[in-house]
Amino acid sequence: MLDRLFTGLGISSIVLMAVALLVLLAPIVVRGVGAFVFRGTVEHRKVLAKEFGRGKPEQLSLDVKRAVEARRPVYNMISRFENDLETRGFAAKRKYAAALDELKDVLASLLGPEPNTPQPPLLREQYGHTRWDRAQVELDELLLRSEYDFSDPTVMGRQVKVPRAKDFEGTELVELFPYVEQHLSEMLLPRWTFYWGFLLDDSRDAHFFGGIWPELLGTFYLTLGAILCALPLGVISAIYIVEYARADSRVVRLIRTCISTLAGVPSIVFGLFGLAFFINALSVSQSKSVLAGALTLALLILPLVIRSAEEALRAVPKAYKEAAYSLGAGKWRTICAVSLPAAMPGILTGVVISMGRAAGETAPIIFTAAVSVGGALTLWDTFAEPTPALPWNIYNLCTEHQAADEIRHVQYGMVLTLVALVLVLNSLAIALRARMSQRLRS
Amino acid sequence: MLVASTSAVAILFIFVFIVKDALPFFQLRGVREFFASASWYPSAGPPSFGALAILVGSGLVTLGSIAVAGPFGIAAAVCLSDILPFRVRQWVKPMIELLAAIPSVAFGFFALVVVAPLLQSHGGTILMAAWWMISGPVGVVLVIVLGSVASSMLPERFGRLGLIAACAAIAILIVPFIVRAGYWLGRIEVHSGTNALNVSIILGLMALPTVVSVSEDALQSVGRELREGAYALGATRFETLTRVVIPAARSGIAAALILGVMRAIGETMVVWMASGNAAQIPKPWYNLLDPVRTLTATIAGDMGEADHVTGSARYHVLFAMALVLLAISFLFNLISEHVLSRGSSRSTS
């Protein structure tokens, strides 16, 4: 019976791991997809048309007209109220001034600036909410105001929600709130949209609008640069270890220790080394640049590449090499013509896994290549300019952004993109390995 | 051969450059303050660079993560290597590799955006639920084990009734304690969702694949002969595992734990985002619900301000921390290699 309990314990730990993986990936996938597929309002279509030149202009102008029609009563009510206040004198104005200002602010962030008023300077203030779910949150903000209730002496102030209509009790403006609540969908005209531009558009105004193309491109440059630097070095090192050095010689043991030490170095130390060596000492670039970041990442993935290349080369059957020797080929010829091609699938698997690793690493690029705000780089720029990158910008958007709550969908979308990228690369490697082992067995 | 030595050259250069930039700090401020003082105020005037709180923070989250990854990892490895059928293994191994491949910033995002608010609003409930999930099965196992031990000491004629009575007696002793502990946990108020507990759990999750794969390799390399010998002598699976296989693989399992520690101590993004970044030693030191700060988060976070004053103590202290990290990882690497080689030499001799 103890036996079965022990089995149960082991199985429960595996189940727990599977549950943890699911709990980790589920919110990321579900809310990340929400960055691509959501109910977009007319404001979203306006942004797409004006900033990125997409969409159907006739349909858009029809929509805009309908929205303006639906919003007009709201603005009329407010201007009537303001005129009324003017006639009533200073006391009345003072009583409602603060509440009215707040109301107008919330309305402006919900619907955008009033028509026929000057354009606000910030792009995010020039449009209302582009997503229906965020608009609903703003609607709550419009209808309810949060206040602190200090009446209970045992608790330090409880947050309560007070209907904003109470501020305007007894005036005409009270009708504004039920009107907005009922007619918001006509004012914003939400429609299910598939925003594929999330991956291909530049971001506008600190990721309030637009997509994540510069970050995607930056990650792409860094990963490609890293593997371009690490692959030749790694494969040649592996060839030396497998073919040329005597097994178990001191040199080989030393190299192995170095490789495993390099693999164990924390990633932030790689970042500091990249800063101190590539940028400060060698000056491969004036300050941060993609080149320095790629070199640092290459160092990080070098042990992985060497290990997988070594494994692949060792797995080449001796018969192949001996056949080549017996035909009169020299050592180097054998390696180039026989061993390397035979080991190519294994090396490729290692390359793909290393690319996945390099794409997801943040700490090495913090000091060497990553900036928070920037445009997509051209190939020539990469030698001297830093770039936004997916992992770094995920961190930045979550912690150092002014309105992190507003752009949650962008954060989730970025994380989904990064995780999907890495998982696709790794699944590719697993599939490659499975096919290879099948071929070897048959 | 020259090219092959790039890795050796690289590690040498890393050591040289980190030491080169870390030494000025120790020349400027000496060694004692860094390791013994817990007041970390690098931007005050005059600044103080006492990193004890940060070192304790690193140690605390590493301990927490091994407490999570160790038991689960070894149990999962044992399960994978000996208990699960082959077809299930084909599915579980890729799942573990997937868990290992997820980037650390995604874990950090999850810790900050999902776990931290949950801990803050429902912390007590979550702790109580976790306690029940763990103490439930463990409690059942304990009751049955102790009950069977106790009943084996009774005279033979009580038989099955004696077993049940012994189990019931042990249960009456243990269950109230478990229930009371659960309720006490349920009433805890978590003040800040970004704390050492959050980070420990996520770091444990990240170190889990490493521990599982290396332990499983070690358990596999024990070989069929030992297992078959034990079964031939009439041992049950539990006895074979606990008395033959695991002791034979213990050096590999120790190496797995060390590698897990190395992974946890060197992790930057998760701790930077979700540990609270308060450079203070929690009161009492084992209070995981307080925010802490680790070496890696300090390096990553402070470099932004320190870079403007290159050449000052503030810049060099970060290299000193990097040196500490490098030394720790190098030391653990040597220990794990030593443990592995000793284990393999013992098994071949």
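Fair warning: this is a prediction, and the values are worked out from it, not measured in the lab.

Thresholds, definitions, all that
Residues numbered from 1 in each chain as written. Chains lettered and ligands numbered in written order. Predicted model: local features only at pLDDT ≥ 70, side-chain atom pairs only at ≥ 80, totals over all residues. Helix = DSSP H or I, 4+ residues; strand = E, 2+ residues; numbered from the N terminus. Buried ≥ 20, exposed ≤ 12 C-beta atoms within 10 Å, placed from the backbone. Contact = placed C-beta atoms within 7 Å. Nonpolar A, V, L, I, M, F, W, Y, C, P; charged D, E, K, R; others polar. Core = buried A, V, L, I, M, F, W, Y, C linked by C-beta atoms within 7 Å. Axes fitted to C-alpha atoms, helices over the stretch in contact; angles between N-to-C directions. Parallel < 35°, antiparallel > 145°, perpendicular 65-115°, else oblique. Left-handed = near helix turned anticlockwise from the far one by under 90°. Bend = angle between axes of the 7 residues up to and from the residue. pLDDT = per-residue confidence, 0-100.

Colleague: What should I look at first to understand the overall build of chain B in this one?
Modeller: Scanning chain B for helices and strands turns up 13 helices and two strands. Considering chain B as a whole, with its 349 residues, one finds that 44% of them fall into the buried category. For chain B, contacts bridging at least 24 residues in sequence account for 77% of all contacts bridging at least 6.

Colleague: What's the story with the overall build of chain A in this structure? I'm lost.
Modeller: Per the secondary structure count, chain A includes 16 helices and six strands. In terms of its C-alpha atoms, chain A occupies a principal-axis envelope of roughly 105 × 70 × 45 Å. Among the 442 residues that make up chain A, the fraction classed as buried is 41%. Sequence-distant contacts in chain A: of pairs separated by 6 or more residues, those separated by 24 or more amount to 72%.

Colleague: What exactly am I supposed to notice about helix H8 (residues 224-232) of chain B here?
Modeller: Residues spaced three or four apart along an α-helix point in a common direction, a consequence of the helix completing one turn every 3.6 residues. Burial analysis of H8(B) places just zero of its nine residues in the buried class, which makes it a mostly uncovered element. Immediately downstream of H8(B), the backbone of Gly234(B) shows phi near 95 degrees, a positive value.

Colleague: Mind showing me how you'd approach the interface of chain B and chain A here?
Modeller: You'll often see interface size given as the accessible area lost when the parts meet. At the junction of the two partners, chain B supplies 63 residues and chain A supplies 66 residues. Its residues assigned to classes, the side of chain B that touches chain A shows 49 nonpolar, 10 polar and four charged.

Colleague: Please explain the nonpolar core as it appears in this structure.
Modeller: Burial of nonpolar side chains together is a common tendency in soluble globular proteins. By size, the foremost hydrophobic cluster in this structure holds 184 residues, and its most contacted members are Leu272(A), Ile18(B), Ala111(B) and Ala322(B). Setting aside residues up to four positions removed in sequence, Leu272(A) forms contacts with Phe367(A), Ile18(B), Ile299(B), Phe319(B) and Ala322(B). Residues Leu111(A), Leu142(A), Val180(A) and Leu188(A) belong to the second largest nonpolar core, which totals 16 residues.

Colleague: Where do I start with the packing of H8(B) against helix H9 (residues 237-248) of chain B in this structure?
Modeller: When two helices pack together, you describe them by how their axes are tilted relative to each other and by the distance separating the axes. Residues and elements named next belong to chain B. Contact pair H8 / H9: the axes reach a minimum separation of 10 Å and the direction vectors enclose 160 degrees. In terms of orientation, H8 lies roughly antiparallel with respect to H9. Our pair here, H8 against H9, has a crossing hand that is right-handed. The residues of H9 that touch H8, namely those facing Leu 226, Arg 227, Ala 230 and Tyr 231, are Thr 240, Val 244, Val 245 and Ala 248. Its residues placed into classes, the contact of H8 with H9 shows six nonpolar, one polar and one charged.

Colleague: Looking at this structure, I do not really get helix H6 (residues 176-188) of chain A. What am I missing?
Modeller: Residue and element names in this part refer to chain A. At Gln 182, H6 shows its maximal bend, which comes to roughly 55 degrees. Along H6, the residues classified as buried are Leu 176, Val 180, Leu 184, Met 187 and Leu 188. Lining the buried residues of H6 we find helix H2 (42-52), helix H3 (57-88), helix H4 (90-111) and helix H5 (132-143). Just beyond H6, the residue with positive phi is Leu 189, at close to 50 degrees.

Colleague: Could you clarify how one ought to interpret the confidence of the model for chain A in this entry?
Modeller: The predicted structure's coordinates, where accompanied by low pLDDT, should not be read in detail. Here chain A shows a mean pLDDT of 87. Residues at 70 or above account for 99%. When the elements of chain A are averaged for pLDDT, helix H1 (residues 2-36) of chain A gives the smallest value, 83, and helix H11 (residues 290-314) of chain A the largest, 92.

Colleague: Explain unusual backbone geometry here, please?
Modeller: Where the residue is not glycine, phi is negative for most of them; where a peptide bond is considered, it is trans in most cases. Along the chain, Lys283(B) connects to Pro284(B) via a cis peptide bond; the corresponding omega equals -10 degrees. With phi around 50 degrees, Leu189(A) is a residue other than glycine that occupies positive phi space. Residue placement: Leu189(A) occurs in the loop between H6 and strand E4 (191-194). Overall, the presence of 21 C-beta atoms within 10 Å leaves Leu189(A) in the buried class. In this model, Ser283(A) sits at a positive phi of 50 degrees, which is unusual for a non-glycine residue. Locating Ser283(A) in the fold gives a position in the loop between helix H10 (267-281) and H11. Taking the C-beta count within 10 Å as the criterion, Ser283(A) has 10 such neighbours and is therefore assigned exposed.

Colleague: Just to check I follow, could you spell out the environment of Gly10(A) for this structure?
Modeller: As for its placement among the helices and strands, Gly10(A) is situated in helix H1. Those residues in contact with Gly10(A), other than ones at most four positions away along the chain, are Ala75(B), Ala76(B), Val78(B), Cys79(B) and Ile83(B).

Colleague: Looking at this model, I keep getting lost on the packing of helix H7 (residues 196-220) of chain B against helix H10 (residues 250-265) of chain B. Mind explaining?
Modeller: All names here are of chain B. As a packed pair, H7 and H10 sit with axes 8 Å apart at the nearest point and diverge in direction by 155 degrees. Classified by the angle their axes make, H7 and H10 are roughly antiparallel. Between H7 and H10 lies a crossing of right-handed hand. Residues Leu 203, Met 206, Ala 207, Thr 210, Val 211, Val 214, Ser 215, Asp 217 and Ala 218 of H7 form the contact with H10, whose participating residues are Gly 252, Ile 253, Ala 255, Ala 256, Leu 257, Leu 259, Gly 260, Arg 263 and Ala 264. Tallied by class, the residues present in the contact of H7 with H10 amount to 12 nonpolar, four polar and two charged.

Colleague: Looking at this model, I keep getting lost on the confidence of the model for chain B. Mind explaining?
Modeller: Residue and element names in this part refer to chain B. On average, residues of chain B score 85 in pLDDT, and 95% of them reach the 70 mark or higher. Least confident of the elements in chain B is helix H6 (residues 159-186), whose mean pLDDT is 81; most confident is helix H11 (residues 269-274), at 92. As scored by the predictor, the complex reaches a pTM of 0.89 and an ipTM of 0.88.

Colleague: Would you mind showing me how to read the environment of Leu302(A) here?
Modeller: Within the secondary structure, Leu302(A) is located in helix H11. By the C-beta count within 10 Å, which is 24 here, Leu302(A) ends up buried. For the pair Leu302(A) and Ala97(A), spaced 205 residues apart in the sequence, the C-alpha separation amounts to 65 Å. Discounting chain neighbours no more than four positions away, the residues touching Leu302(A) are Ala230(A), Leu233(A), Gly234(A), Leu262(A), Ser7(B) and Ala10(B).

Colleague: I would appreciate a short explanation of the environment of Leu99(B) in the present structure.
Modeller: All names here are of chain B. With respect to the element layout, Leu 99 can be found in helix H4 (residues 86-101). For Leu 99, a count of 20 C-beta atoms within 10 Å translates into the label buried. Sequence spacing of Leu 99 and Val 140 is 41 residues, and the spatial spacing of their C-alpha atoms is 30 Å.

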